[in-house]
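Report on the structure
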Amino acid sequence: MKTRAQTINTHKAQTLIQDSPFLLLLLHLPLQTIHRNPVSNNNGLATQNNTWMMKRSTLILKQSPHHFIINFKSLTSLLHHSSLSPSPIEEQQYDVASHLLTILSSPNWQKNPHLKSLITTISPSHLTTLFNKNPNLNPQKALAFFNLLSQRSGFRPGVESFASLVTILVKNRFLNAAENIRIEMVKACETETDVRFVLGFLRKMNLDCCEEFRFKISVRCYNTLLMCLSRFLMVDDMKCVFLEMLDDEIVPNIYTYNSMVNGYCKVGKVDVGWLYVSKIVEAGLSPDTHTYTSLILGYCRNKDVDSAYKVFDVMPKKGCQRNEVSYTNLIHGFCEETRMDEALQLFHQMGDDNCVPTVRTFTVLISALSRLGRPVEAWEMFKEMNVRGCRPNAHTYTVLIDGLCKERKVDEARKLLDMMEEKRVVATVVTYNALIDGYCREGKVEEAIKMFEIMEKKEIKRNVRTYNALIGGYCKISNVYKAMALLDEMMKMKVSPTVVTYNLLIHGYCKHNDVDNAYRLIGLMKENGVVPDKWTYSAVIQALCSRGSVEEAHELVNSLKVNGLKENVVLYTTLIDGYFKIGQVDNGLMLFNKMLISDFLPNSWTYNVLIHGLCKEDKIQEASVYIGKLIKVGFKPEITTFTILIEGLLKRYDFGDARKLFVEIVSSGLKPDVCTYTSFILAYCSQGMIKEAEDMMNDMTVEGVEPDTATYTVFIDTYFRAGKIDSAFDVLKRMMDAKCEPSHHTYATIVKHLLVLQQREYVKFQNFDLNIGNVWKLMDLETAMDLFSKMNKRGCEPNVKTYEALTVGLCRESRLEEACRLVSHMLTNGLVPNEHIYTSLVNCSCYLRMFDQALNLLNNMVENRILPHLESYKLLICGLYDDGKHEKGKEVFCSLLDGYKYNADEVAWKIFLDGLLKRGLVSECSELADVMEEKGYRFNPHTSVTLVENMGV
């Protein structure tokens, strides 16, 4: 019997089949059409591709030409400057301001019916425009209207709004009200830009030559301004303001001096802080609790906790009562130095000074305990916090959520967010960032997107960390095109991408060997004023090394040196790894020795790469020597280092020495990880030592180490080889129950053994074996049904990922008919194809030049809100143009632009540079570029130049 959910899913699937005639059509295609050789229709493209290689390592560093001629419309428009006429937004602001002035001009404006409907749409910029455009507005009305808006939930006046109101009040000599408003203006600063605006505004009014607008800064305002500057760590500006205060003959008080001490101590300049302490004494004042508390903070910021403790210790002797902040600052200092016992001791002695731990005290300790791998104690501290009646704030919950995410307990972290809402604690952007990052690290990007959308609904402003987490998540699951679209959104939302943003995208491209687009993105980031760093180029170098182009990678490193980027440990380590991977040990060692006499010494990562390379070449003795050198230069070997050596020993089947090393590692306090255990399991299984492998798996479970996909797959393969089919499927069930998704390799392994069993049964040849690389060439639907039957029988029902593995495998072998039949079976079982299944079907159809079917599939993806890859669009559009179906190709391109907002530069890179232009279709490319312009797409100047160069214009 099917469950209600299964019945609903089946109805959805049946509807999908009815709406997808292409699937039914593909099921009845003649085999000779399906298996047509795609290579025969390439029209010499392979030769063109070989001659089309981009000039990488040297050209990428050259400046783009400043003068060039473009003879087609779309690229010419890219160079035009925007019009100087008011933008629609500015015009709309003027209209609202004008409407508001009309309302305020009426006698009983508060009761005006139009105001009620308009007030919820008024933004701080509307308010600023109203005051700036109407400087003669009645000051009482202006102040009353400002206060009315400020009481509205969610309305936060910007510093410009405050300034425009202060101008009106000062002009009319409402100086008491003006003083209060300018104090609020200083407190309202949210960014350094806000502070600089306020600073300039206050200075101008302080010195204004026109008596009407002059408004001298009071001691209260100076002190508030100094505290604000301290909050933003703007100590140079603090010094200037302090001197201006003296020039104004304003006498500093204890609050003034304490703000100066606090500001300098926040940035670790304790010596300057002490200078202002001496000024306190010179002024006949006495340092107080706030003074000493700032000094404690300063020493802690400098990681000099012992000096901080001396100040803390001397406070009672100086007649200063320690307060909660004094304790919390010192506790935080101990936590940062991982001196948790001393931090906890201080926490427990707070009552001796009649101090009660604050929410920040608890949060500091919870954060440190979580960070140091003591989650149980962190939660105990959280419970104690509630018992003592100290209400956790957003930061407390965020610390716990972040800790759970780092422990890979994202679902529990999500429940904690729900608890926050129940307790009416408002989550911040940092809270959501922690969850988004947690989901993305687990590959659950769709869940991360839900968090992203909730932020928008709750009007929580997303910052660069939010976008970086999502971009990293998309790149991790091979959706770089979605990540690139987020780059566009960042720009529109005025969130400036950082070098981290671009590095994530470049790593995403390089992960899939798309070095061309990685180079183009480097050009784009430079055009946008972001300077590439060592991690930027390390991704490209690693990608080149991964495909064996180590010499090209070395040339790139040399060219970087010529162009001013210093050689560094990251670039050299990546290059050493590349040489070892292609077996050039001598070149790798030569680079390592060069590092030893350079300004950038090898780090632990470098040593690990070297040790791994030597073990791969079976040079275990030499690898051991380098572990000794690693320790000698002051690095503590991590579990990764020893696991590499264990793997090397196990490849020799030297179980004795490997086991001995394992025991030594555990005795030293290092905890073996999943890779360590799996290395043993793989070695035991390869020698038929199943009992030993099972014992190692049990040890692993006892130690709380979760098996991964590789661990489970090794056991599945081993049990099949031993003829223990039930045991193999039992492992598969355990794997799926543990939420460890079987990989494509896992399913390929199972299918391989099912094929072997079939062949042995048919040919009665017991020693038949099969290369795993031939699995998808030989698997038929009968084998797939056998797999599904055996999975169902053991309670591990086939899911979308199961069908995905089989469909993708079949499509790689151009077996489109079988793949479509498999998808049809999937639909009848209530499962809906995912992005990877659709993409495989579309691309396979294109390779077989079955473009109508590819278009049907692609349209079906869009209808089901699945975003097609740009690679799929490229194959389809270029294929249609190759077949002479230019209008159809243009139509598909337009549908691409009318749907999801892909990144314009990436569209140009994929469709134009890597597609049409490689086929010599220059005029067609020009035509489609015009279409992009008409639809409002704009290229980065670097992309425009690249297009022009490649079009031979």
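What counts, and where the lines are drawn
Residues numbered from 1 in each chain as written. Predicted model: local features only at pLDDT ≥ 70, side-chain atom pairs only at ≥ 80, totals over all residues. Heavy atoms only, no water. Helix = DSSP H or I, 4+ residues; strand = E, 2+ residues; numbered from the N terminus. Buried < 20%, exposed > 50% of the residue type's maximum accessible area, 1.4 Å probe, protein only. pLDDT = per-residue confidence, 0-100. Contact = heavy atoms within 4.5 Å. Polar contact = N/O pair within 3.5 Å; in protein donor to acceptor, adjacent residues only side chain to side chain. Core = buried A, V, L, I, M, F, W, Y, C linked by side-chain atoms within 4.5 Å. Expected span 1.5 Å × (residues − 1). Axes fitted to C-alpha atoms, helices over the stretch in contact; angles between N-to-C directions. Parallel < 35°, antiparallel > 145°, perpendicular 65-115°, else oblique. Left-handed = near helix turned anticlockwise from the far one by under 90°. Nonpolar A, V, L, I, M, F, W, Y, C, P; charged D, E, K, R; others polar. Salt bridge = Lys/Arg side-chain N within 4 Å of Asp/Glu carboxyl O. 1 Å grid on protein atoms, 1.4 Å probe; cavity = no way out; pocket = protein on both sides within 12 Å on 5 of 7 lines; lining within 4 Å. Points joined across faces, edges and corners; volume = space filled by probe spheres on them. Arc of directions from axis to C-beta. Phe/Tyr/Trp six-rings, centres within 6.5 Å; stacked < 30°, edge-to-face > 60°.

We now examine the overall build of the protein chain. Secondary structure assignment for the protein chain yields 54 helices and zero strands. When each of the 953 residues of the protein chain is scored for burial, the buried share is 50%.

Turning next to the confidence of the model for the protein chain. Scored by pLDDT, the protein chain comes out at a mean of 86, with 89% of its residues at no less than 70. In this model, residues 1-89 is a region of pLDDT below 50 whose contacts with residues beyond four sequence positions or in other chains number 127 contacts.

Quick look at the side chain of S559 now. In this fold, S559 is placed in helix α32 (residues 550-562). At 2.7 Å, the side chain of S559 forms a polar contact with the backbone oxygen of L556.

So, on to the nonpolar core. Formed by 308 residues in total, the largest nonpolar core has its most connected members in F145, V540, L787, L806, F893 and F912. Among all residues touching V540, those that are not within four sequence positions of it are I506, C510, V515, A518, Y519, I522 and L556.

Glancing now at helix α49 (residues 851-863). Between its terminal C-alpha atoms α49 stretches 18 Å, which fits the 18 Å expected from 13 residues at 1.5 Å a residue. Those residues of α49 lying buried are F851, Q853, A854, L855, L857, L858, N860 and M861. Remark: R865 follows α49 within two positions and exhibits a positive phi of approximately 60 degrees.

A few words on the packing of helix α46 (residues 800-812) against helix α47 (residues 816-828). The packing of two helices is summarised by the inter-axis angle and the distance between the axes. Where α46 meets α47, the axes come as close as 9 Å, and the angle between the chain directions of the two elements is 165 degrees. Our classification of the angle between α46 and α47 gives roughly antiparallel. In terms of crossing hand, the pair formed by α46 and α47 is left-handed. Counted together, V800, Y803, L806, T807, L810 and C811 of α46 and E818, A819, L822, V823, H825 and M826 of α47 form the full contact between these two elements. Its residues assigned to classes, the contact of α46 with α47 comprises nine nonpolar, two polar and one charged.

For the structure on display, the rule yields 43 salt bridges. For the salt bridge of R371 with E336, the shortest nitrogen-to-oxygen distance reads 3.8 Å. Of this pair, R371 sits in helix α21 (residues 359-371) while E336 sits in helix α19 (residues 324-336), placing them 35 residues apart in sequence. The partly exposed category is assigned to E336, whose relative accessible area is 37%. A salt bridge links D618 to R652; the shortest N-O distance between them is 2.7 Å. Taken together, the residues span a long stretch of sequence, with D618 in the loop between α35 (604-616) and α36 (620-632) and R652 in the loop between α37 (639-651) and α38 (655-667) at a distance of 34 residues. A relative accessible area of 41% places D618 in the partly exposed class.

A volume near 1,500 Å³ is recorded for the second largest pocket. What lines the second largest pocket is a set of 31 residues, and nearest its centre among them are P124, R156, G158, E190 and K461. Among the elements of the structure, α6 (88-104), α8 (124-133), α10 (159-171), α12 (192-207) and α26 (445-457) are those that each provide at least two residues to the lining of the second largest pocket. Residues that form the lining of the second largest pocket fall into these classes: 12 nonpolar, nine polar and 10 charged.

Right, let's talk about helix α14 (residues 235-247) for a bit. With 13 residues, α14 extends 18 Å from end C-alpha to end C-alpha; this agrees with the ideal 18 Å at 1.5 Å per step. Along α14, the residues classified as buried are V235, D237, M238, V241, F242 and M245. For α14, the angular spread of buried residues about the axis comes to 150 degrees, placing them on one side. For α14, the exposed residues set more than 90 degrees away from the buried face come down to D236 and D247. Where α14 is buried, its residues meet α12, α13 (219-231), α15 (254-266) and α16 (270-282).

Counted under the stated rule, the structure contains 30 aromatic pairs. With centroids separated by 5.7 Å and ring planes inclined at 35 degrees, the aromatic side chains of F893 and F912 adopt a geometry described as tilted. Of this pair, F893 sits in helix α51 (residues 886-898) while F912 sits in helix α52 (residues 904-916), placing them 19 residues apart in sequence. Since its relative accessible area comes to 0%, F893 is described here as buried. Three or more aromatic residues joined by ring pairs form one cluster here, namely Y653, F655, F662, Y677, F680 and Y684.

This paragraph deals with unusual backbone geometry. A positive phi is found at E459, a non-glycine position, where the angle reads about 60 degrees. For E459, the location among the structural elements is in the loop between α26 and α27 (464-476). For E459, a relative accessible area of 70% gives the class exposed. At S814, a position not held by glycine, the phi torsion is positive, near 60 degrees.

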